[in-house]
Structures are given as C-alpha cells and as structure tokens.
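# Coordinates in review
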Amino acid sequence: MRLRIFFFGLLAAFACSFAAAPRGLPKELLPLWNSLTLEEKIGQMIMVYMAPPNFTVTNNFGGILVMKPHLSNMNLFRKNLEKISSRIKVPLLVTIDQEGGTVNRAVNIDRKWEKTPSAKEMRESEPAAIERTAHEVGKTLHDAGFNLNLAPTLDPAFDSHGKETFMEHWNRSWNGIENAEKVRAFVKGMRASGIISASKHFPGYDSNKNSDLQMAESDASESRIKEYVKFFRALSPDIPIVMMSSVRYTKISNAPAVFEKKLVKMAHDLDDDIVVLTDDLWGSSLRGWISGPGTPLNDPYPASEFKKVVTAALDAGNDMFIITYPAKAVDIKKFILDRAMNDKAFLARIEKSVVRILKMKLRAGLLSP
C-alpha cells in the first residue's frame, strides 16, 4: 500500500513538472520556468534596495536598486555585484536612476560625468548628439555592472492649468510627444551600451509637488491624461518597462495612480508585454494614503498596514515592486506567496506578471535561450 502511495506521489510530481506553461511564455523559457519554484518566480517581481549579497541570493529577487551610497566604494560595489551574479539563478535587473542634470548617478562612478545634460537641455539638442551622449554614459553604467536605467521621464512640463510641474522645475521633463524622436535617441544610445530603459511616471506627472514627500494631486481631466499617455505609447516599442506615478489623479480616482486599477490597465494597454513597475512602496506618501490623513507613520510601521500597501499595488495589477527597505522585501514576497498558494485565480495573475518579466529579460539579452 505504501509503495502504491509513493508511486502515485511520484506520478503526480512528474505530471506537475510538465503542467501547461502559462499563456505567452516563449518555448525557449520553458526549461527555466519549470526549474523555478513558486517562491523563486515571485522573487522576480521584487526590486529591492541593494543589500548584502547573501540576502539577495537567498531571496531570489528579480532586481536591485542601486543608489548613491552604494557607489561610494566602487571596488566593493563590483565585488558584491559579482558575488550576487555568480550565485543567483535568474540574472538580475541591476538598476540605477541616470536621467542627467539633477539626477546624475554616473558622476559617482566616474568624475568625468560631473555634468550630464538634463532632459530639459536634451530637448534642445539634436537626436544624434543625444544618442552619442547616452551611449557614452551608458557604457560607463554597463562597465560598472548596470543593465537598467530608470529613465526617461516622460512627464509634462506644464500641468493642465499651464503651471510648471515639479519635473519641469527640476529640469527632468521630456515634455511631450513632439520630443519622441529625441527620447528615442536617448533610449537607443543607452541600449547600444547594453542598458535598457524604463519610462516614468505614468500616466504623466501633472503636479508641482514632490510625491516622495507628500501626496501630490492632479485635477487633470481624463482626456488630458490620455494626451499625456500618447507620449508613453509612442515610446512603448522602444521601452520595455513603465513606472507608475504616485500622484493622485482626482478626476479618475481617489487613489494614487500606482494603486488605481484603471490607470495600471492603461499602462498595460500600451503593450501587453510591457512590465509595469511601482515607485518605492516604502514612500511616505503611499503609506500615508493607506493609513489615512493625519495618521503618524510610526516606527516600526505596522506590518498589517504595510500589507495593505502591498495588497493595493497587487490588486491594481502592477508586475514589479520597488522597495527601499530590504527587510520589507521579504514581507512582500511572503504576502504574495501565501495568497498565491490559496487562490488559483490570483496565482494565474501572478504568473502573467512573472512571464512579462522573464520575456523582458530575454529580449534584453539577460537570459540565454
């Protein structure tokens, strides 16, 4: 009897290993897909602030976010990156913010990039010059180990009332679809150096407030927002990732864009394969919106409240989640795993996001077919 039970157990395990692949998974990715546990697949959905190598490897995260402090010792950074890369099962998205101008991380890698042109300055340049600069900066990034740049910023220069936006104030805005050719040159230059791009902040940052520090709002009409989206759509064949905004678009929803299903769907409608990325889920404005106006963000922030943040981002349909608090990345993975193991419909939704991420990595040349 025990032998029969053992036999049927092996048969079931064998059958599961050859279960139908998720819809849209290229056949060349099937061996990798079948080799991954559910926990490892969910790990692909998380981009975490760079932490010690063992933490990233153990948790099978899909990406790391590198900030200025990590670049203060480039030898140590490269050693840590090599330790991760040599042990991790699926190659990482090694991510940096290199917009140019006021958002310039390249200078921390090589002092020759003390001044890089901002988006506003590049708007006044010729495409060939933009592509050349992006290629040169991209080579510096790639040589340091990066493969993803959280740029360009496809946000409007002026809001729906004609006032300068936060992004324009800091010279970060590419402004509008009339600059699509120039943005394409920026993206092409980066890609020629092995750096893929992520556009932001969908559907267009129509506010003069800093949403990292406070809740930023826009009363732009839905028709105006759709005009902003045209810029993202024009670049979607060239840019495989789009980052959601944390701005509240009050004519559409009370929720920040990253938590609003209708707006996340608009991002997916750019291209079904596009990976939709959150902004930092540890941002004070997002946690503040979840907890309610005037609620102090106590330290430690309650796990039950953070679970609401993650749930809102999940239910909105985002594919990948940025978190700058590494310990919370483990919580995100556990929240998703627990739910996926008990909800078949949710599991299918998660698998679709992981397929998008793996397909994007394959097209970027990070995965060997």
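Each chain carries its own residue numbering, running from 1 in the direction its sequence is written. Local features in a predicted model are, by the rule used here, given only for residues with pLDDT of at least 70; side-chain atom pairs are given and counted only at 80 or more, and totals for whole chains, interfaces and linings are based on all residues. Where side-chain values are given, they derive from all heavy atoms of the structure, hydrogens and water being excluded.

### Examining the overall build of the protein chain
Which entries qualify depends on this criterion: Strands are runs of DSSP state E lasting at least two residues, helices are runs of H or I lasting at least four, and both sets are numbered from the N terminus onward. When accessible area is computed with a 1.4 Å probe and restricted to protein chains, residues below 20% of their type maximum are described as buried, those above 50% as exposed, and intermediate ones as partly exposed. Contacts are assigned to residue pairs with any non-hydrogen atoms lying within 4.5 Å of each other. Each accessible area value is a Shrake-Rupley result obtained with a 1.4 Å probe; residue values ignore everything except the protein chains displayed when judging cover. Lys and Arg are tallied as positive, Asp and Glu as negative. Neither His nor the chain termini are counted. Charge placement uses NZ in Lys and CZ in Arg. For Asp and Glu, CG and CD serve respectively.
A count of helical and extended segments in the protein chain gives 15 helices and twelve strands. In the protein chain, buried positions account for 55% of the 369 residues. Taking as baseline every contact in the protein chain between residues at least 6 positions apart, the subset at least 24 positions apart corresponds to 75%. As displayed, the protein chain offers around 16,800 Å² of accessible surface, 55% of which is attributable to carbon and sulfur atoms. Each charge class in the protein chain was averaged separately, 50 positive and 42 negative side chains, and the resulting centres sit 6 Å apart.

### Digging into the nonpolar core
Rules: Take the buried residues of types Ala, Val, Leu, Ile, Met, Phe, Trp, Tyr and Cys, join any two whose side-chain atoms come within 4.5 Å, and each joined set is a nonpolar core.
The biggest cluster of nonpolar side chains holds 116 residues, and the ones touching the most others in it are Phe146 and Phe259. Setting aside residues up to four positions removed in sequence, Phe146 forms contacts with Val66, Leu71, Phe77, Val94, Thr95, Ile96, Ile109, Leu141, Gly194 and Ile195.

### Digging into the sheet that holds strand β7 (residues 196-202)
To keep it simple, the criterion reads: Here the rule is simple: two strands pair whenever DSSP picks up at least two bridges between them. A fitted line through C-alpha atoms serves as each axis, taken over the contacting stretch for helices, and the angle formed by two N-to-C directions is quoted from 0 to 180°.
What the eight strands build is a closed barrel, ordered β1-β2-β3-β6-β7-β9-β11-β12; its pairing is parallel. One ladder, built from three bridges, connects strand β2 (residues 63-65) with strand β3 (residues 93-96); its direction is parallel. The residue bridging Leu65 from the neighbouring strand is Thr95, located in β3. In the packing of helix α11 (residues 261-268) onto the sheet, the strands contacted are β7, β9 (241-244) and β11 (275-280), and the crossing angle to β9 comes to about 160°.

### Looking at unusual backbone geometry
Cis geometry marks the peptide bond from Lys200 to His201; its omega dihedral reads -5°. By secondary structure assignment, the location of His201 is in strand β7. Residues Phe202 and Pro203 are joined by a peptide bond in cis, for which omega reads 5°. Along the chain, the position of Pro203 falls in the loop between β7 and β8 (217-218). At Asn171, a residue that is not glycine, the phi angle is positive and equals roughly 60°. Counting through the fold element by element, Asn171 comes out in the loop between α8 (166-169) and α9 (180-192). Located in the positive-phi region is Asn175, a residue other than glycine, with phi close to 80°. Mapping Asn175 onto the fold places it in the loop between α8 and α9.

### Let's talk about the environment of Ser125
Turning to its location among the elements, Ser125 is positioned in the loop between α6 (119-122) and α7 (127-144). A residue is classified by how much of its surface remains accessible, and Ser125, at 25% relative accessible area, is partly exposed. Separated by 57 residues in sequence, Ser125 and Lys182 place their C-alpha atoms 8.0 Å apart. The residues contacting Ser125, other than those within four sequence positions of it, are Ile130 and Lys182.

### Some points on the confidence of the model for the protein chain
Our working definition: Here pLDDT means the predictor's own confidence in every residue, given as a number from 0 to 100.
Across the protein chain, the average pLDDT comes to 93, with 94% of residues at 70 or higher. This model gives residues 1-18 a pLDDT under 50, and the stretch forms one contact once residues within four places in sequence are excluded.

### Remarks on the pairing of strand β1 (residues 46-49)
Of the pairings in the sheet, the one linking β1 to strand β12 (residues 320-323) comprises three bridges and is parallel in character. The partner of Val48 across the bridge, within β12, is Ile323. Where β1 and β2 come together, three bridges link them in parallel fashion. Looking at the pairing, Val48 lines up with Ile64 of β2.

### Things to note about the environment of Ile84
Looking at the secondary structure, you find Ile84 in helix α5 (residues 74-85). Taking the relative accessible area as the measure of exposure, Ile84 reaches 0% and is therefore buried. Along the primary structure Ile84 and Thr58 are separated by 26 residues, whereas in three dimensions their C-alpha atoms are 9.7 Å apart. Setting aside its immediate chain neighbours within four residues, Ile84 contacts Met50, Pro53, Thr56, Val57 and Leu92.

### Thoughts on the packing of helix α13 (residues 303-316) against helix α14 (residues 326-340)
Heads up, the condition is: The handedness criterion is simple: a crossing whose near helix is rotated anticlockwise from the far helix by less than a right angle is left-handed, and one whose near helix is rotated clockwise is right-handed. In this count, Pro and Cys sit with the nonpolar residues alongside Ala, Val, Leu, Ile, Met, Phe, Trp and Tyr, while Asp, Glu, Lys and Arg are called charged and the others, Gly among them, polar.
Running from N to C, α13 and α14 cross one another at 65°; their axes reach a closest spacing of 10 Å. The crossing of α13 and α14 is right-handed. When α13 is examined against α14, the residues Ala303, Phe306, Lys307, Val310, Thr311, Leu314 and Asp315 are found in contact with a partner set consisting of Lys328, Ile332, Phe335, Ile336 and Arg339. Among the residues making up the contact of α13 with α14, the classes are represented as seven nonpolar, one polar and four charged.

### Concerning the packing of aromatic side chains
As a reminder of what qualifies: For this analysis, a ring pair means two rings from Phe, Tyr or Trp (six-membered ring only for Trp) whose centres lie within 6.5 Å, classed as stacked if their planes differ by under 30 degrees, edge-to-face if by over 60, and tilted for the remaining angles.
Considering all chains together, one arrives at nine aromatic pairs under this definition. Measuring from ring centre to ring centre gives 5.6 Å for Phe55 and Phe61, while their planes differ by 50°; the resulting arrangement is tilted. For Phe61, a relative accessible area of 0% gives the class buried. With a centroid separation of 5.5 Å and an interplanar angle of 65°, the aromatic rings of Trp282 and Phe306 are classed as edge-to-face.

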